[in-house]
Amino acid sequence: MLANANRKMIILTTLFFLTVGETAAAPEVKIINPSPYPGDIVIVDLMNPNTASGTFDGSPLKFFSYGKMMRSIFPIPVTKRAADYKLNVESYGSPPVEIVITVRPKIFPRLALGVPKKLETTPKGLVQKIVASKRGVESAFQRETPVWLATTGFGLPLAVNRLGSPFGEMRITGSQTIRHLGADFRGRTGTKVYAIGAGLASVAGFDEIYGNHVILDHGFGVFSFYLHLNQMLIKTGEFLKRGTPIGTIGETGYATGPHLHLTLKVKGVSVDPVRFVTLFR
Ligand SMILES: [Zn+2]
C-alpha cells in the first residue's frame, strides 16, 4: 500500500513540475481592455523582459520597455467593425500566444452644428479646410520616436475636467457629416491647459481650423494634440513634464465658443482621449 501511495505521489509531482515548466516557457501576457470599443486602445504587456513581437489583425506591433515589462499599444479605429480579431504575441525562446480581441459595437451620438461666421465658408468649404489642415499636421503624427517619453503616465488636461462633445460624435453640418475625432472640454477663456503626459512639443503653431495648437510627442507613435488655445505658453522643441501648463483655453480656429479640444493619436489613428487616459496605467 505504502509503495503504491509513493508511486502516486511521484507521478503527481512529475505532473506538477511539467505544468509549471510549460507555464514558464510561454510568455506571460497581460491584456488591458481585451474587449474594446471602436476608438479605444488595447495594451499588451509582456511580463518577462525578453524581446517581443506580434501582430493584431495582421498588422505588426511594436513593443517598448515599460518598467520591468515590454509594452505595446494599438488603436481600434472608430470605424472598426464589431467582431473578433486575432492578436498574436511572440517572445524570444517561447511558443507564440494567440489571443482573441473582441471589438464591441458602439453607437456614437449625432449633433447638428453650424459653421462659425469667422471661417466665411459653406459646410462643403469647411470640410475642404479640415482636410487641408489635417494634411498640414499629418507628417507630425507619422514620426515614431523610439523612446518612451511619458514615463510618469497620463492625466486629464484641466484642473476641472467637464466633458462637452464626446469623441466620435457625428456632426451634421448642412449636407456634410463630420466626425468629431477628439474630446471637447468645457472651460472659460484663459483657463490653464496642462500637458496630459511628459513629452516633446513637436509643434506649437497656428492654423485656420485648429487655431493656436500644440502637439506633444510621447514616444512610440503616441501624441496629444491641443486645439483652439488662446495663449500659448510653450515653444516647439521644449521637453515638458506631465502637468506643465502649455496654454490657455480659447476659441481660435474652428470653434463656436471657448473650449479645449483634445485629440489623441496612436500610430496615426485618433482614439478617445478620455478612454486612453483611463486605460493607460
Ligand atoms: Zn472638438
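Residues numbered from 1 in each chain as written. Predicted model: local features only at pLDDT ≥ 70, side-chain atom pairs only at ≥ 80, totals over all residues. Heavy atoms only, no water.

A. Quick look at the domain arrangement of the protein chain. Domain boundaries in the protein chain define domain 1 (26–102) and domain 2 (110–279). Its C-alpha centre places domain 1 at a distance of 27 Å from the equivalent point of domain 2. Overall, the association of domain 1 and domain 2 removes approximately 1,400 Å² of surface from exposure, summing both partners, and the carbon and sulfur fraction of that is 73%. Contact with domain 2 buries area across many residues of domain 1, yet Ile41, Phe64 and Val78 alone supply 32% of it, more than any other trio. Along the contact surface separating domain 1 from domain 2 lie 2 salt bridges. (Domains from an automatic or database assignment. Buried area = accessible area lost by both parts, 1.4 Å probe. Salt bridge = Lys/Arg side-chain N within 4 Å of Asp/Glu carboxyl O.)

B. Representation of the sheet that holds strand E1 (residues 29–32). Strands sit in the order E1-E2-E6-E5 across an open sheet of 4 strands; the sheet is antiparallel. Looking along the sheet, the strands with just one partner apiece sit at the ends: E1 and strand E5 (64–66). Averaged over all pairs of adjacent strands, the angle between their axes in this sheet comes to 35°, without regard to strand direction. With 4 bridges joining them, E1 and strand E2 (residues 41–46) adopt antiparallel strand pairing. Among the inter-strand pairings, isoleucine 32 is bridged to a residue of E2, identified as isoleucine 43. (Pairing = 2+ DSSP bridges. Helix = DSSP H or I, 4+ residues; strand = E, 2+ residues; numbered from the N terminus. Axes fitted to C-alpha atoms, helices over the stretch in contact; angles between N-to-C directions.)

C. Spatial organisation of helix H2 (residues 123–142). Here H2 contains 20 residues, and its C-alpha end-to-end distance of 28 Å stays within 8% of the 28 Å for a straight helix at 1.5 Å per residue. Taking the largest bend as the criterion, H2 deviates by roughly 35°, centred on glycine 136. Along H2, the residues classified as buried are Gly125, Leu126, Ile130, Ser133, Val137, Ala140 and Phe141. Buried residues along H2 sit against strand E10 (170–173), strand E11 (176–179), strand E14 (199–207), strand E15 (211–219), strand E16 (222–232) and strand E19 (259–266). (Expected span 1.5 Å × (residues − 1). Bend = angle between axes of the 7 residues up to and from the residue. Buried < 20%, exposed > 50% of the residue type's maximum accessible area, 1.4 Å probe, protein only. Contact = heavy atoms within 4.5 Å.)

D. Here's a closer look at the coordination of the zinc ion. Surrounding the zinc ion are the protein donor atoms His180 (NE2), Asp184 (OD) and His261 (ND1), at 2.0 to 2.1 Å. Mapping the donors of the zinc ion onto the primary sequence gives the spacing H-x3-D-x76-H. With histidine 180 in the loop between E11 and strand E12 (183–186) and histidine 261 in strand E19, this pair connects stretches of sequence that are 81 residues apart. You can call histidine 180 buried: its relative accessible area is 3%. (Donors = N, O, S within 2.8 Å, 3.2 Å for Na, K, Ca; no water.)

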